[in-house]
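Geometric and topological summary
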Amino acid sequence: MKIGVLALQGDFALHAAALARCGAEAVEVRMPAQLAGVDGLIMPGGESTTLLKLMHEWGFVAALEKFHAEGKPIFGTCAGLILLAREVANPEQFSLGFIDVAVERNAYGRQRESFETQGTATLDGAAHPLTMIFIRAPRILAAGPSVEVLARHQGAPVLAREGSVLVAAFHPELTDDATIHAYFCRMVAEATSP
Ligand code: GLN
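Below, the structure is looked at part by part. (Residues numbered from 1 in each chain as written. Predicted model: local features only at pLDDT ≥ 70, side-chain atom pairs only at ≥ 80, totals over all residues. Heavy atoms only, no water.)

Before going further, it helps to examine the site of the ligand. The local shell around the ligand consists of G45, G46, E47, S48, C78, A79, I82, R105, N106, I135, R136 and H171. At 2.7 Å, a backbone N or O of S48 approaches an oxygen atom of the ligand. Take I135: an N or O atom from its main chain is 3.1 Å from a nitrogen atom of the ligand. When the ligand is considered free in solution it has 300 Å² of accessible area, and contact with the protein chains removes 97% of it. In a pocket analysis with a 2 Å cut-off to the grid points, the ligand is assigned to the largest pocket. Here the shell around the ligand is composed, by residue class, of four nonpolar, five polar and three charged. (Near = heavy atom within 4 Å. Polar contact = N/O pair within 3.5 Å; in protein donor to acceptor, adjacent residues only side chain to side chain. Areas by Shrake-Rupley, 256 points an atom, 1.4 Å probe, with all protein chains shown as cover. 1 Å grid on protein atoms, 1.4 Å probe; cavity = no way out; pocket = protein on both sides within 12 Å on 5 of 7 lines; lining within 4 Å. Sits in = over half its atoms within 2 Å of the grid points. Nonpolar A, V, L, I, M, F, W, Y, C, P; charged D, E, K, R; others polar.)

Okay, structure coming up:
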């Protein structure tokens, strides 16, 4: 199973390491054509405005729309969540709209207000303790009826899924716990099995 990590900007190396711990082969995706060779894709954190600029420049938007339409799973963390959302505020900006959530950028404070907290994720009906690290994270303000909320922090969804799209407001790649990556690997495995 090959899983791409969008490697335009941001913390893609740690995602690749987490995927390796789940037994998946990570491929750094720098050109849209590389999407054809992977079964799933992680869109990492970084700066969503910079990522958007690069995505538009390199023709990633249409390629990602095709990838999503084919039912291939996508996992967006932090800035990746912002890019996948239906609606973005603070300020408003273009987003792909692959998951029915509205987000507010930088809603948990600035870089120096980054924090780590303990939570619980409900995955496939089982509860998993979770260390969540928030870095200038977006807050999910609203989630549509077909969005499954898998974890919350102070009442707001911080891990959510709609069909083939998984999003996290925090950074699961910054801990040694590969639970969330393993869950995404299962999504990819299910999508590729005949
Ligand atoms: N604050 C960034 C943005 O709005 C996201 C931060 C992150 O990915 N760690 O794009």
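It is worth spelling out the nonpolar core at this point. Membership of the largest hydrophobic core comes to 64 residues, with the highest contact counts inside it found for L35, M43, M55, L64, L84, L159 and L166. Among the elements that line this core, the one with the most residues is helix α5 (residues 179-192), at six residues. Leave out the neighbours within four places in its chain, and L35 touches V29, L41, F60, A63, L64, F67 and K72. (Core = buried A, V, L, I, M, F, W, Y, C linked by side-chain atoms within 4.5 Å. Buried < 20%, exposed > 50% of the residue type's maximum accessible area, 1.4 Å probe, protein only. Helix = DSSP H or I, 4+ residues; strand = E, 2+ residues; numbered from the N terminus. Contact = heavy atoms within 4.5 Å.)

Turning our eyes to something else, we now look at helix α2 (residues 48-57). The complete set of buried residues in α2 reads S48, L51, L52 and M55. Axial view of α2: buried residues confined to an arc of 100 degrees, hence all on one face. Projecting away from the buried face of α2 at angles above 90 degrees are the exposed residues K53 and E57. Those residues of α2 that are buried lie in contact with β3 (40-43), α3 (60-69) and α4 (79-84). (Arc of directions from axis to C-beta.)

One open sheet accounts for seven strands, arranged β2-β1-β3-β4-β12-β11-β10; its pairing is mixed. Edge positions in the open sheet fall to β2 (25-29) and β10 (148-153), since each of these has one partner strand only. Here the strands of the sheet are splayed against their neighbours by 20 degrees on average, with no regard to which way each runs. As paired strands, strand β11 (residues 156-162) and strand β12 (residues 165-168) are joined by four bridges and run antiparallel to one another. Paired with E162 across the bridge in β12 is V165. Strands in contact with α3 are β1 (2-6), β2, β3, β4 (74-77) and β12; relative to β3, the strand with the most contacts, it is inclined by about 130 degrees. Here α5 sits on the sheet and contacts β1, β3, β4, β10, β11 and β12; the angle it forms with β12, its principal contact strand, is near 170 degrees. (Pairing = 2+ DSSP bridges. Axes fitted to C-alpha atoms, helices over the stretch in contact; angles between N-to-C directions.)

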